[in-house]
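Overview (structure and organization)
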Amino acid sequence: MENALSHITVLDLSRVLAGPWAGQVLADLGAEVIKIERPKSGDDTRAWGPPFMRDAEGRENPTADAAYFLCANRNKKSVTVDFTTPEGRSIVERLARSADVVLENFKVGGLKAYGLDYEALKAINPRLIYCSITGFGQTGPYAARPGYDFLVQAMGGLMSITGRAAGEPGAGPQKAGVAVTDILTGLYAAIGILAALTHRERTGVGQYIDLSLLDVQVACLANQAMNYLVSGNAPKRLGNAHPNIVPYQDFPTSDGYMIIAVGNDAQFTRLCAEMGIGELALDARFATNKNRVVNRTALIERLCEVTMTRPTAQWVADLENAGVPCGPINSIDAVFADPQIKARAMQVVMPHPVSGTVTLVGNPLRLSQTPVTYRTAPPILGAQTSEVLRERLGMSAEEVAALSAKGII
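Report follows, based on the coordinates.

Here is what the cut-offs are and how they apply
- Residues numbered from 1 in each chain as written.
- Predicted model: local features only at pLDDT ≥ 70, side-chain atom pairs only at ≥ 80, totals over all residues.
- Heavy atoms only, no water.
- Helix = DSSP H or I, 4+ residues; strand = E, 2+ residues; numbered from the N terminus.
- Buried < 20%, exposed > 50% of the residue type's maximum accessible area, 1.4 Å probe, protein only.
- Contact = heavy atoms within 4.5 Å.
- Areas by Shrake-Rupley, 256 points an atom, 1.4 Å probe, with all protein chains shown as cover.
- Lys, Arg positive; Asp, Glu negative; His and termini not counted.
- Charge placed at Lys NZ, Arg CZ, Asp CG, Glu CD.
- Axes fitted to C-alpha atoms, helices over the stretch in contact; angles between N-to-C directions.
- Parallel < 35°, antiparallel > 145°, perpendicular 65-115°, else oblique.
- Left-handed = near helix turned anticlockwise from the far one by under 90°.
- Nonpolar A, V, L, I, M, F, W, Y, C, P; charged D, E, K, R; others polar.
- Arc of directions from axis to C-beta.
- Core = buried A, V, L, I, M, F, W, Y, C linked by side-chain atoms within 4.5 Å.
- Disulfide = S-S within 2.5 Å.
- Polar contact = N/O pair within 3.5 Å; in protein donor to acceptor, adjacent residues only side chain to side chain.
- Pairing = 2+ DSSP bridges.
- Right-handed = clockwise from strand over helix to strand, strands pointing away.
- Patch = residues over 30% accessible without salt bridge, like charges linked within 9 Å, V, L, I, M, F, W, Y side chains within 5 Å.
- Salt bridge = Lys/Arg side-chain N within 4 Å of Asp/Glu carboxyl O.

**Details of the overall build of the protein**
- Along the protein, the regular secondary structure elements total 17 helices and 11 strands.
- Scored against the burial criterion, the 409 residues of the protein give a buried share of 44%.
- Long-range pairs, those at least 24 residues apart, make up 67% of the contacts in the protein with a sequence separation of at least 6.
- Accessible surface, the protein as shown: approximately 20,200 Å² in total, 57% of it carbon and sulfur.
- In the protein, which carries 38 positive and 40 negative side-chain charges, the distance between the mean positions of the two groups comes to 4 Å.

Okay, structure coming up:
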């Protein structure tokens, strides 16, 4: 069965996470993604460890790729090219002539000095879709600044609403446990590229995509942004509580914690019944979500008194049986041991020339006609350089060897 994007070639000049994440999404959907990397060092994240990939005997090898690199570079071809040299620039330019998409996350204007900016490549390939990912976008007073996920989580407001509430132990702004702004930007990049490809199918014309981490972070404030725009009041940190729904947070149990996520009044009624405090569902202070939000403190205190009487596993079983959304707070190892995660194949094993096999996180997309495929593990640095230059540019083995000897590839 042919993949949805098997007819598409992506020239990926990006590194670290946002751009590579977009490239991996496209690659999983079948696109040929040619990852351009610096000779000898490659993508920065190859060295972002420990942990590093283990060899076939299970020994960690600090000269191998870091786990970080493995998370975002499946199904790609690694081609090492020093495009700061005229010969290297020519290679990238020639690859761009036949590419459908260029993906890059250099600073604003960073590729113009090498003739690899959108206007230069558009001149030789008008059908090209060129996606630039930067911290702050191509315009505006911050455009020239470098931008990183952590910085943007702060500037974009996410940290102001993440963390324990003021006055609680450990209170203060907190970043998310993964680089969510980078991930979301990568997903928006993939969406934008797919939209541009669809437009090109109808018109034959490519286009430029200007994507900013800060814009994405602000867009993804979602209900919290609208809470402010509607009320004029800036949302505050609430720990694990929800600003608009109650009860919807963590609760202590006799042996740990659990999550209760009540989404409507009927679920609240069932929760109270299972807890043996059915009268709360009839109390005017708590009968509707609107009133529960207003009277949050009193309600949560009462619920906590009850949740501490049973262990987490018992509560989860009892509340699930009652039709109340709930669950444990899993550690990462518990996540991958979860039978639902196993059933959904969210852990995949692929062959790898260094470690024998490498275990990766699966793609969540489930397409009935054009399913995601796992074709190749994240590539060793430069592993496909010779292949790509010979097959796509028609170079001879001697030409490739000469470029290698000069350190250009």
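The discussion continues.
**Remarks on the packing of helix 1 (residues 18–28) against helix 6 (residues 180–203)**
- Packing of helix 1 against helix 6 leaves a shortest axis separation of 7 Å and a crossing angle of 50°. Taken together, helix 1 and helix 6 sit at an angle that is classed as oblique. Of the two elements, helix 1 crosses helix 6, and the hand of that crossing is right-handed. Residues A18, W21, A22, V25 and L26 of helix 1 form the contact with helix 6, whose own contacting residues are D182, I183, T185, G186, L187, A189, A190, I193 and L194.
- Here the contact of helix 1 with helix 6 is built from residues that sort into 11 nonpolar, 2 polar and 1 charged.

**Let's talk about helix 16 (residues 385–393)**
- Of all the residues in helix 16, the buried ones are T385, V388, L389 and L393. The arc that holds the buried residues of helix 16, viewed along the axis, is 95°, so those residues lie on one side.
- In this structure, the buried residues of helix 16 make contact with strand 2 (32–37), strand 3 (76–80), helix 3 (86–97) and helix 17 (397–405).

**Digging into the nonpolar core**
- In terms of nonpolar packing, the biggest core is built from 29 residues, with V10, I133 and I193 touching the most fellow members.
- If we ignore the near neighbours within four places in the chain, the residues touching I133 are A18, G19, L103, E104, N105, F106, T185, A189, L211 and L213.
- Counting residues in each nonpolar core, the second largest holds 28 residues, with V92, L116, L393 and I408 among its members.

**Focus: the state of the cysteines**
- According to the stated counting rule, one finds 0 disulfides in the structure shown.
- Sulfur of C220: no disulfide; nearest cysteine sulfur belongs to C131 and is 15 Å away.
- Relative accessible area serves as the criterion here: at 28%, C220 is assigned to the partly exposed category.

**Overview of the environment of E104**
- Tracing the chain through its elements places E104 in strand 4 (residues 101–104).
- C-alpha of E104 to C-alpha of R15: the two residues are 89 residues apart in sequence and 7.9 Å apart in space.
- From its side chain, E104 meets the backbone nitrogen of F106 in a polar contact 2.7 Å long.
- Among the polar contacts listed, one links the side chain of E104 to the side chain of S132, at a separation of 2.5 Å.

**Looking at the side chain of D318**
- Residue placement: D318 occurs in helix 13 (residues 312–321).
- On the basis of relative accessible area, D318 is assigned to the buried category, the value being 18%.
- Here the side chain of D318 touches Q314 through a polar contact of 2.8 Å, side chain to side chain.

**A look at the pairing of strand 4**
- Residues V101 and L103 of strand 4 are buried on one face, and the alternating residues V102 and E104, pointing to the opposite face, are buried as well.
- Pairing of strand 1 (residues 9–12) with strand 4, which is carried by 3 bridges, proceeds in the parallel orientation. When the bridges of strand 4 are listed, V10 appears paired with V101.
- Each parallel crossover has a hand, and the one from strand 4 via helix 4 (residues 118–124) to strand 5 (residues 129–134) is right-handed.

**Side note on a nonpolar patch on the surface**
- Taken together, the side chains of Y142, Y148, L151 and M155 present a nonpolar region at the surface, about 400 Å² in accessible area.
- In this fold, Y142 is placed in the loop between strand 5 and helix 5 (149–155).
- With a relative accessible area of 34%, Y142 lands in the partly exposed category.

**Side note on the environment of M275**
- Structurally, M275 is set in helix 9 (residues 265–275).
- Here the alpha-carbon distance between M275 and W315, two residues 40 residues apart in the chain, equals 9.4 Å.
- M275 has contacts with I260, L303, V306, T307, R310 and W315, leaving out every residue within four places of it along the chain.

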